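# What the coordinates show
Below, each chain spelled out in residue letters.
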Amino acid sequence: MGALNSLPDEPQYVGLAEKTGFSFEQIGILHKRFKQLSNNGETLRREDFNTIPDLLCNPIRSEIIEAFFDRRNFRQTDAVGTVHEIGFGEFLLVMSHFRPPSIRLDDEQKEVIRTEKLRFLFNMHDTDNDGTITLEEYRHVVEELLSRSGALGKETAKGIADAAMLEVASISMGHMEPDEFYEGITFEHFNKLLKEFEVESRMNIRFMNMDTTTLCK
Amino acid sequence: SSGVFSGLVLSYLWSRRFYIIYIYNKYWWSLHRTGFHLIPRLSSIVPESCLLITVGLLVGGLIKLAGEKVPPVLDSKLFFLCLLPPIILDAGYFLPIRPFMENLGTILMFAVVGTLWNAFFVGGLLYAVCQMQSAPSDLLNLELLPCLLFGSVVSAVDPVAVLAVFEEIHINELLHILVFGESLLNDAVTVVLYHLFDEYSSVGTVTVVDAVLGVLCFLVVAVGGVLVGAIYGILAAFTSRFTSHTRVIEPLFVFVYSYMAYLSAEMFHLSGIMALIACGAVMRPYVEANISHKSHTTIKYFLKMWSSVSETLIFIFLGVATVDGDHSWNWTFVTVTVILCLVARIIGVVGLTFIINKFRIVKLTTKDQFIIAYGGLRGAIAFSLGYLLDNDRYPMRRMFLTAIITVVFFTVFVQGMTIKPLVELLAVKKKQEAKRSINEEIHTQFLDHLLTGIEDICGHYGHHHWKDKLNRFNKKYIKKCLIAGERSREPQLIAFYHKMEMKQAIELVESGGGVKLPPSVPSTVSMQNIQPKKPPPVERALPQIPKGREDEIRKILRGNLQKTRQRLRSYNRHTLVADPFEDGWSDLLLKKSKMIELEKKITEMNNYLTVPAAPPDSPTITRARLSSGGRETDLKAAESPVLTPCPPPDPQTYQMKQMSDSVPTIQVDLASPQSPDSLSLLDELQRADQRRELRRRPPPDEEEGGLMMRPPQARGGDQGEEGGPSAKEQRLQRCLSDPGPSAEDDEDEPFLS
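Keep in mind that this is a model prediction, so the values were computed, not measured.

As a further point, take the overall build of chain A. Assigned secondary structure in chain A consists of 9 helices and 2 strands. Sequence-ordered secondary structure for chain A, helices as α and strands as β, is α-α-β-α-β-α-α-α-α-α-α. Classification of the 217 residues of chain A by burial places 49% in the buried group. Considering only intrachain contacts with a sequence separation of at least 6, the fraction spanning at least 24 residues in chain A is 56%. Carbon and sulfur atoms provide 50% of the accessible area of chain A, an area that totals close to 10400 Å².

Printed below as a string of structure tokens:
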């Protein structure tokens, strides 16, 4: 690497920078990483993520990888379904969900960013793309979180997921007749649930100081 | 009267301080207790620290009027060895680790760089001002190094004062931890600067080598203090692992180890405060996992009590020392000091924030900066350090002390009183009183893992990556060493869940029996609203269980039940018990297990016979359903045709069911790896039993009470039978209202051994 080829695809970067909000430097660094993961190829596949050793210990590994291939995260309106391989543009789009909001935003823009980040989280839970998080999906999430606790985890996961779902239903619906059925957590309910969660300040990665050349894969 | 009594007792022990302690008690109890609280307006305007200082002033004045010699109460030895440690330990033990660690960089910047800046700015400019004085002033004699020493003493933000004032204004967590963390961590800087300038002023000159040595010294003091504290913390955690048979002295270990950490650090001239903080913070997660609930409560209340008493004493003695003190008032010196302190603080905070904001994700706004600057209160530590100065080496000592007291008074009174209205005026974000919910906990953990994963994908070894590595290391090695038994493997989510259930259970118990506790979120939503409706099961033939196998099954089930009881017992004695109900608790636990089984049977009975099956209830769901309110409606809905004619069941029964449903221990036991099998067997047998039960009411089994485990009769094809509704009703009535006399007999069993 040298100063000469630091920004190989400048015009392309301009477009990406506009769409995602990253700076040229950050895009360059992420591009390097993308090339590293895809073995200098143009596209990334699910298997390529398996080459990251640290990721293997992560309990929600599969959800994270799925999120990269989920069309709903590509900022195209009304796109659903998954793809098998992604290019650098999509990689960057998914990453842009974790960009910290700049300090000079007004409340409205902050709200937009917050909704975006919450939407990303919601999509990670809602695996069947039906717009709601059902009890089964929620259970799956809790099970994954407790996946390293063996059989004890499975039973308690059910209990925890049930209690959590009950809480969501109580907060969102208030009153339900005994024979009514709560279909699942919709995005509005999810929003209401995590109102105090301050997701816009917590769901961020520092993209500033990354230098991938010094790090192993 | 009790105040007077305690005052007298104390006074016997401290004969020299007899008079003042007596008067303090008398005044403190009467003024503080009656006056302060009978005049609520006063307490909302004036922070308690101000009032205490005023009381001290009054007491000192009284003593002087009485002609007695005021004993040197704010003796530095007394202060640093007895009065300060409890406050710091309380702060360190209950330090909110997560926000502290997340903001550690910022806190360190303020504590180290900020204090250095303050010390040099104040000291240097003071010297300059002194040099500019005209000839007859004594100030001209003041050298640079004593000025710097004075600057370092007066510039340290005081944890006691900050705690006292910030406690009452309830600002948001971030600002609180920033100012408070700074006040704790700047002790290392203060200690080093103090000793350095003290030594150098005797030498007279400072070289570059000395400056470098100073920096090294600081690192040693700070890191050494933390290490000493951490070592003692780990020792305390390790000790607590083995205290399961001597629960009574568990709190003692916590206090003794912490105090020893403090003393050891002070002995080697390391930072005692940092040692104490490190000790408390390190030992807490492990100790809390090991000790009993009662010990935990004891520790909490003792710490709060001691720190409260210490704080009160410190402020009162400060007042007394002011009145009595040997003062030398110099208008120039004092006013310049006060002004310089303020200016230095403001410039320091603004400048540092500018730099810090480049590295923070959540930037500090101007409002935040103002509060941080305004919250830099000085207190008794500065005074005690000044008191320690040697009178021979520092002829200006009295002037220093006067100036320090003035600064302390100014910050505590002026800044302390006005910060609350300013917070309101500026609409600073307040502390969120929201309770942590299970959903938040789930998502916090989810987010942690998500961010770690994204960092790994980016190939960036950031904040989350290292945090995750530390957590895994902690889980794999450290927890195994320091936490006893099963709890070392309990994941945090489960621990949180159990804690919440325990809280709920205690709330229910405390709310008294029979009264339905309104759920935190009033709603009629219950478990069945979220359970997906399953189609009615196809009628299936009950499997025949051969006789030999059936004995085997009985043995397994009985064995499991005994294990359950044993585990219940161990949980009772060692971990989570609601206080006044300790002995009754285990009764409740057992009764609860019986009731759950009974409830299951009732549901199964209905499922089996006529009503389309509700999904088989796990104890959680039963509990959640029953605790979410709308209890009677739920039961009615599930078993509607049958229960309606039932007379209102015995409230005693329902009370037990209500309370016992929220107990977590049963849940864990039944969810043990063995249980899924045993439960399904139990189901089978129960269903078979219920069929038989319809035919005749079996005499209660002496051994097993409400759990009627009987071999099914060899009658196939008996499904779909409907006993007359009246028979069913009667059964149900009896089941619901009569836990079975044998159930009581059972309870004696585990407790006889």
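This next bit is on the overall build of chain B. When its secondary structure is counted, chain B shows 32 helices and 0 strands. Buried positions account for 52% of the 753 residues belonging to chain B. In chain B, once contacts between residues fewer than 6 apart in sequence are set aside, the share between residues at least 24 apart is 83%. In the structure as shown, chain B presents an accessible area of about 33800 Å², 64% of it carried by carbon and sulfur atoms.

Here we come to helix 6 (residues 135-145) of chain A. Of all 11 residues making up helix 6 of chain A, 8 are buried, and the element is well covered by its neighbours. Burial in helix 6 of chain A covers these residues: A:Leu135, A:Glu137, A:Tyr138, A:Arg139, A:Val141, A:Val142, A:Glu144 and A:Leu145.

All names here are of chain B. Applying the stated criterion across every chain, the model contains 16 salt bridges over all chains. The partner of aspartate 448 in a salt bridge is arginine 98, with the nearest N and O atoms 3.3 Å apart. Here arginine 98 lies in helix 6 (residues 97-102) and aspartate 448 lies in helix 19 (residues 438-458), a separation of 350 residues in the sequence. Residue class for arginine 98 comes out partly exposed when judged on its relative accessible area of 34%. A cluster of three or more residues bridged by salt bridges with shared partners is formed by Arg98, Glu102, Asp448 and Lys467.

Attention now goes to the nonpolar core. Membership of the largest hydrophobic core comes to 133 residues, with the highest contact counts inside it found for B:Leu84 and B:Phe333. Considering every element that reaches this core, the biggest residue donor is helix 10 (residues 173-203) of chain B, with 16 residues. Residues in contact with B:Phe333, not counting those within four places in the same chain, are B:Leu126, B:Cys130, B:Leu139, B:Leu142, B:Phe150, B:Met399, B:Phe400 and B:Ala403. A:Leu44, A:Met95, A:Phe197 and B:Leu451 belong to the second largest nonpolar core, which has 70 residues in total.

Judged by side-chain polarity, B:Val208, B:Val209, B:Val212, B:Leu213, B:Val215, B:Leu216, B:Leu219, B:Val223 and B:Leu227 come together as a nonpolar surface patch covering roughly 840 Å² of accessible area. Considering the arrangement of structural elements, one finds B:Leu216 in helix 11 (residues 208-241).

With that settled, consider the packing of aromatic side chains. Counted under the stated rule, the structure contains 26 aromatic pairs over all chains. Aromatic pair B:Phe255 and B:Trp306: ring centres 5.1 Å apart, planes at 75°, arrangement edge-to-face. Residue B:Phe255 is found in helix 12 (residues 250-267), and its partner B:Trp306 is found in helix 14 (residues 293-324); the two are separated by 51 residues along the sequence. For B:Phe255, a relative accessible area of 13% gives the class buried. For B:Trp306, a relative accessible area of 36% corresponds to the partly exposed category. Between B:Phe383 and B:Tyr387 the ring centres are 5.9 Å apart and the planes differ by 40°, which places this aromatic pair in the tilted class. You can see B:Phe383 and its partner B:Tyr387 sitting in helix 17 (residues 380-387), 4 residues apart, about one turn around the helix. A connected cluster of aromatic rings, assembled from ring pairs, spans A:Phe34, A:Phe49, A:Phe68, A:Phe69, A:Phe88 and A:Phe91. Taking NZ or CZ as reference, A:Arg46 lies 4.6 Å from the ring centre of A:Phe69, over its face.

Turning next to the environment of B:Val338. Residue and element names in this part refer to chain B. On the secondary structure map, valine 338 appears in helix 15 (residues 331-356). For valine 338, a relative accessible area of 13% translates into the label buried. Taking the C-alpha atoms as reference points, valine 338 and valine 408, separated by 70 residues in sequence, lie 9.3 Å from one another.

The next subject is the side chain of B:Glu182. Relative to the elements of secondary structure, B:Glu182 occurs in helix 10. Dropping the residues within four chain positions of it, B:Glu182 is found in contact with B:Ile107, B:Phe110, B:Ala111, B:Val157, B:Ile177 and B:Arg345.

What follows deals with the packing of helix 7 (residues 104-131) of chain B against helix 8 (residues 144-154) of chain B. Residues and elements named next belong to chain B. Two elements in contact, helix 7 and helix 8, have axes separated by 7 Å at closest approach and are oriented at 140°. Between helix 7 and helix 8, the interaxial angle falls into the category oblique. Note that helix 7 runs across helix 8; the crossing there is right-handed. Side by side, helix 7 and helix 8 meet where Ala119, Phe120, Val122, Gly123, Gly124, Leu126 and Tyr127 of the first sit next to Leu144, Cys147, Leu148, Phe150, Gly151, Ser152 and Val154 of the second. Residue composition of the contact of helix 7 with helix 8, grouped by class: 10 nonpolar, 4 polar and no charged.

This brings us to the packing of helix 12 of chain B against helix 14 of chain B. Residues and elements named next belong to chain B. Two elements in contact, helix 12 and helix 14, have axes separated by 8 Å at closest approach and are oriented at 40°. The orientation of helix 12 with respect to helix 14, classified from their angle, is oblique. In the packing of helix 12 onto helix 14, the handedness of the crossing is right-handed. Two secondary-structure elements touch here, helix 12 through Glu250, Pro251, Val254 and Phe255 and helix 14 through Ser295, Thr298, Ile299, Phe302, Leu303 and Trp306. Its residues assigned to classes, the contact of helix 12 with helix 14 comprises 7 nonpolar, 2 polar and 1 charged.

All right, on to helix 9 (residues 159-169) of chain B then. Residues and elements named next belong to chain B. Judged by how many residues are buried, helix 9 sits mostly within the fold: 9 of 11 residues are covered. Listed in full, the buried residues belonging to helix 9 are Pro159, Val160, Ala161, Val162, Leu163, Ala164, Val165, Phe166 and Ile169. Residues of helix 9 that are buried make contact with helix 4 (48-66), helix 5 (76-93), helix 10, helix 14, helix 17 and helix 18 (397-425). The distance from a side-chain oxygen at the start of helix 9 to the backbone nitrogen of valine 160 is 3.1 Å, and the residue carrying that oxygen is aspartate 158. One or two residues past the end of helix 9 sits histidine 170, with phi positive at roughly 50°.

This part is about unusual backbone geometry. Residue and element names in this part refer to chain A. Despite not being glycine, asparagine 39 has its phi angle at roughly 55°, a positive value. One can find asparagine 39 in the loop between helix 2 (24-37) and strand 1 (44-45). Judged by its relative accessible area of 59%, asparagine 39 falls in the exposed class. Phi at asparagine 40 is positive, roughly 65°, even though this residue is not glycine.

Residue and element names in this part refer to chain A. In this model, chain A carries a mean pLDDT of 77, and residues with pLDDT of at least 70 account for 86%. When pLDDT is averaged over each element of chain A, helix 5 (residues 107-125) comes out on top at 85 and helix 7 (residues 150-173) at the bottom at 76. Contacts from residues 1-7, a stretch scored under 50 in pLDDT, to residues over four places away or in other chains number 4 contacts. A low-confidence stretch, residues 212-217 stays under pLDDT 50, and its non-local contacts, those more than four residues away or across chains, total 17 contacts.

Residue and element names in this part refer to chain B. Confidence in the prediction of chain B, expressed as mean pLDDT, is 71, and 60% of residues score 70 or more. Across residues 607-685, where pLDDT falls below 50, the model places 152 contacts with residues more than four positions away in sequence or in other chains. Note that residues 732-753 has pLDDT below 50 and, in this model, 38 contacts with residues that lie over four places away or in other chains. Of the two predicted TM-score estimates for the complex, the pTM is 0.67 and the ipTM is 0.90.

Criteria and cut-off values
Residues numbered from 1 in each chain as written. Chains lettered and ligands numbered in written order. Predicted model: local features only at pLDDT ≥ 70, side-chain atom pairs only at ≥ 80, totals over all residues. Heavy atoms only, no water. Helix = DSSP H or I, 4+ residues; strand = E, 2+ residues; numbered from the N terminus. Buried < 20%, exposed > 50% of the residue type's maximum accessible area, 1.4 Å probe, protein only. Contact = heavy atoms within 4.5 Å. Areas by Shrake-Rupley, 256 points an atom, 1.4 Å probe, with all protein chains shown as cover. Salt bridge = Lys/Arg side-chain N within 4 Å of Asp/Glu carboxyl O. Core = buried A, V, L, I, M, F, W, Y, C linked by side-chain atoms within 4.5 Å. Patch = residues over 30% accessible without salt bridge, like charges linked within 9 Å, V, L, I, M, F, W, Y side chains within 5 Å. Phe/Tyr/Trp six-rings, centres within 6.5 Å; stacked < 30°, edge-to-face > 60°. Lys NZ or Arg CZ within 6 Å of the ring centre and 35° of its normal. Axes fitted to C-alpha atoms, helices over the stretch in contact; angles between N-to-C directions. Parallel < 35°, antiparallel > 145°, perpendicular 65-115°, else oblique. Left-handed = near helix turned anticlockwise from the far one by under 90°. Nonpolar A, V, L, I, M, F, W, Y, C, P; charged D, E, K, R; others polar. Polar contact = N/O pair within 3.5 Å; in protein donor to acceptor, adjacent residues only side chain to side chain. pLDDT = per-residue confidence, 0-100.

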